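Single-letter residue listing:
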Amino acid sequence: MKKLMILLAGAFLSAGTSLLAQDATVRVHEAGTGVTIPAEIYGQFSEHLGRCIYGGLWVGKDSSVPNIEGYRKDVFDALKALKVPVMRWPGGCFADDYHWMDGIGPQEKRGYLTNTNWGGTLEDNSFGTHEFLNLCELLGIQPYISGNVGSGSVQEMSQWVEYMTSDAKTPMADLRRANGREEPWKVKYFGIGNEAWGCGGNMTPEYYSDLFRRYGTYLHDYAGNRLFKIASGASDYDYNWTRVLMRNLVGKGMAGISLHYYTVTGWNGPKGAATKFSDKDYYWLLSKTIEIEDVLRKHIEIMDELDRSGRVALLLDEWGTWYDVEPGTNPGHLYQQNTMRDAIVAALNFDIFHKYTRRLKMANIAQVVNVLQSMILTNETEMVLTPTYHVFEMYNVHQDAEFIESECLTGHVKTERPCAVPEVDATVSRKDGEMHLSLVNTDLKKAMKVSVTFDGDGVSKILSARVLTSGDVHDYNDFGKPDVVKPVAFKDYKLTRGGIELTLPPCSVVVLAAK
Ligand code: AHR
């Protein structure tokens, strides 16, 4: 691994009477862009997979685990604090095996199935449409429903929308009322299938395009509810999938197209452990994660070419790290731990997402509880918040804020992958008269001296500052040790004639609010 030496223009600045060498400079262009960072970039994904739903979000009303109407109380409260804007459900691959009518009505009469995608677990459907939509309503989350194209009928999907959103005297709305819910729910985001190129039906993009049009035709807008119909988009580098869908579906009811990109070493063979990795593995993974910028750019280029007026949104509705499962756990349940490395991954991804919101309108990390890069892990009685949770919580200041252009002049670390990893990275946004700066130091050993400069009035007061770091990048929160990695007050900064100088500890994420 070679350090790339980059000439830091402006990396020596006068601070008071002394000349202070900086490791990186963040130049903030204060004028503003008028571009709002959609809150939905901070979305979540909940799937009937392992213990995401059962034991994660839901324990049932009769459980001895403290719950609110069946929702696990500790998890419920943690999600409330997180300000989750949108949550996708019920899959993932599970969505194309899911028959929603099995999950409504009295619990004892609900249908059951084997969750063939995920470990062959018995799915008793005790968490269904009412349980999901009521959870969203209680937490102020926008629901994003993923419909079944792979093994479901047009009629089934059409009736699901009617069941959830019609307020008229219709058979499905009456059925909903009979099941105890008088008012329709508001459901905006509706995915027509998931991974149609794979677990969602192994289709070609041409064939799927026709199915999108057919299924989409029968998804109606009821009672003032306007559906935002999302086509099942590409995986990673499959630019042809995006091209064919854009060619066939622009102007045909497609409001959005999805994309999946996982930070994974590869699909065949071991993916590496979540908590055991070398420095080389760490930089390799960061390099893989930031490659998403190139992937986003290329999909967006195709969208720009085939939809010049920008009508179609891009939704990254699955992303995050994917490792080998924790030893001793069901390989089909994809349960993994979450270290400071995952926190850095999350922060770097957000820095990229924020730059592409002209097209990128949503991102949903996989999955919210107990699966891949989760926010929360639970066992029978305890809950831990992961380092990734803390990044989502610290960064929620960027939700619905104005994106402020900035440049980060920093060194880079080269790996075997094409993307060199920035030592320092940053996002700046403004909301309600406050400037928010989030900064990442990816270096495992070196504290980074960073100078933040403004090309306008700058800032004169730091309102709050927090840092997420830990002595060791392998550190994680676990049952019985839930606070190993958590944000604390950050003090290593000073104001300098409208600018800020700060020292970021090795492998850290810092968020400042300033005026
Ligand atoms: O997140 C796990 C799985 O990854 C999802 O179910 C599927 O859509 C993707 O392949």
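Residues numbered from 1 in each chain as written. Predicted model: local features only at pLDDT ≥ 70, side-chain atom pairs only at ≥ 80, totals over all residues. Heavy atoms only, no water.

The next subject is the domain arrangement of the protein. Here the domain parsing of the protein yields domain 1 (21-32 + 405-514) and domain 2 (39-400). With 45 residues of domain 1 at the contact, the number on the domain 2 side is 45 residues. Summing the contributions of domain 1 and of domain 2, the shared interface buries around 3,600 Å²; its carbon and sulfur component is 64%. Of all residues in domain 1, Arg417, His474 and Phe479 bury the most surface against domain 2, accounting for 19% of the area lost on that side. Where domain 1 meets domain 2, there are four salt bridges. Here Asp279 and Lys445 are joined by a salt bridge, their closest N and O atoms 2.8 Å apart. Put simply, domain 1 and domain 2 have 21 residue pairs in polar contact (both at pLDDT 80 or more) between them. Residues that form the side of domain 1 that touches domain 2 fall into these classes: 21 nonpolar, 13 polar and eleven charged. (Domains from an automatic or database assignment. Contact = heavy atoms within 4.5 Å. Buried area = accessible area lost by both parts, 1.4 Å probe. Salt bridge = Lys/Arg side-chain N within 4 Å of Asp/Glu carboxyl O. Polar contact = N/O pair within 3.5 Å; in protein donor to acceptor, adjacent residues only side chain to side chain. Nonpolar A, V, L, I, M, F, W, Y, C, P; charged D, E, K, R; others polar.)

Moving on, we get to the packing of aromatic side chains. Scanning all chains against the criterion turns up 30 aromatic pairs. For the pair Trp89 and Phe132, a centre-to-centre distance of 4.7 Å together with 15° between the ring planes defines the contact as stacked. Note that Trp89 is positioned in strand β8 (residues 86-89) and Phe132 in helix α2 (residues 129-139), a separation of 43 residues in sequence. The pair formed by Trp89 and Phe132 is uniform in burial state, with each residue classed as buried. Across the ring face of Phe45, the terminal group of Arg88 is positioned such that the distance to the ring centre comes to 4.8 Å. (Phe/Tyr/Trp six-rings, centres within 6.5 Å; stacked < 30°, edge-to-face > 60°. Helix = DSSP H or I, 4+ residues; strand = E, 2+ residues; numbered from the N terminus. Buried < 20%, exposed > 50% of the residue type's maximum accessible area, 1.4 Å probe, protein only. Lys NZ or Arg CZ within 6 Å of the ring centre and 35° of its normal.)

Take the pairing of strand β23 (residues 424-431) next. In terms of residue burial, β23 counts as a mostly covered element, since six of its eight residues are buried. Across eight bridges, the pairing between β23 and strand β24 (residues 434-441) is antiparallel. When the sheet's bridge partners are listed, Arg430 is paired in β24 with Met435. The antiparallel hairpin formed by β23 and β24 contains two residues in its connecting segment, where Asp432 sits at a positive phi of about 50°. (Pairing = 2+ DSSP bridges.)

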